[in-house]
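Architecture and fold: a report
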Amino acid sequence: MTELWVNLRSGFGNLEPNERTALVALGIFMLMLLCYFTLTSAMSFYSNRLEERNRYVALVARMESTMDIARQNLGGTASTLSGQQILNQVSRTTRQFDIKPTRLQPEGSDGVSVWFDDVAFNDLMRWLDSQSRSGIGVKQMSVDREESAGTVNARVVLSGKSG
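Residues numbered from 1 in each chain as written. Predicted model: local features only at pLDDT ≥ 70, side-chain atom pairs only at ≥ 80, totals over all residues. Heavy atoms only, no water.

1. Points about the sheet that holds strand S2 (residues 111–120)
Spatially, the four strands line up as an open sheet ordered S1-S2-S4-S3, and their pairing is antiparallel. Two strands bound the open sheet, and with one partner strand each, they are strand S1 (101–107) and strand S3 (137–145). When the angles between neighbouring strand axes are averaged without regard to direction, this sheet yields 15 degrees. By the bridge criterion, eight bridges tie S2 to strand S4 (residues 151–159) in an arrangement that is antiparallel. Paired with Phe116 across the bridge in S4 is Ala154. On the sheet, helix H3 (residues 83–96) packs against S1, S2 and S4 and is oriented at approximately 20 degrees with respect to S2. (Pairing = 2+ DSSP bridges. Helix = DSSP H or I, 4+ residues; strand = E, 2+ residues; numbered from the N terminus. Axes fitted to C-alpha atoms, helices over the stretch in contact; angles between N-to-C directions. Contact = heavy atoms within 4.5 Å.)

2. Structural notes on the packing of aromatic side chains
Scanning the entire structure with this criterion turns up three aromatic pairs. When the ring of Tyr36 is compared with that of Phe37, the centres are 5.4 Å apart and the planes differ by 70 degrees; the resulting orientation is edge-to-face. On the numbers, 5.4 Å between centres and 70 degrees between planes, the contact of Phe116 with Trp127 is edge-to-face. In this pair, Phe116 sits in strand S2 while Trp127 sits in helix H4 (residues 121–133), placing the two residues 11 residues apart along the sequence. (Phe/Tyr/Trp six-rings, centres within 6.5 Å; stacked < 30°, edge-to-face > 60°.)

3. Concerning the nonpolar core
Among the nonpolar cores identified, the biggest contains 17 residues, and Ile86, Phe116, Leu124, Trp127 and Leu158 are the most heavily contacted of them. Contributing elements (two or more residues each) for this core: H3, S2, H4 and S4. (Core = buried A, V, L, I, M, F, W, Y, C linked by side-chain atoms within 4.5 Å. Buried < 20%, exposed > 50% of the residue type's maximum accessible area, 1.4 Å probe, protein only.)

4. Thoughts on the pattern of salt bridges
Opposite charge on two side chains permits pairing when their charged atoms draw close. Within the structure shown, the criterion is met by four salt bridges. For Lys100, the salt bridge identified is with Asp98, shortest N-O distance 3.5 Å. You can call Lys100 exposed: its relative accessible area is 61%. Where Asp123 meets Arg126, a salt bridge forms, and the shortest distance between an N and an O atom there is 2.9 Å. Of this pair, Asp123 and Arg126 both sit in helix H4, separated by three residues, roughly a single helical turn. (Salt bridge = Lys/Arg side-chain N within 4 Å of Asp/Glu carboxyl O.)

Written out as structure tokens, the structure is:
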């Protein structure tokens, strides 16, 4: 490696002064060109990332506004459900999903506690999803698995108010 360096230096020293000046200018030009392309490619990369981030921010903003509109539309029915209305709906929908609550108990003016023994977990989740779609939310939930596969004991507190 040192031999190569020595040969380059001696070759450079053997050049005419005008040739040396031209070679130094060419080296400086190549170095500036390298810096320019490095900087522009980095700026282009970060510019693309910034545009992508802005697209995601705009998408999230649209999703949030859609959620707000959906909550307003849902809010008219969900916030007016009383504990008795929730109790009636729970009784009706558990029969539809062929799951039998062990106990139903009102919780304040806008909630209901529901106990299930030996219920299929998947059926319970489908039933809870249907309750959510009708404006009844899960306020609290406790689930214990049973010996038989896919079966649980659960206590769910449902509320008619979103949030």
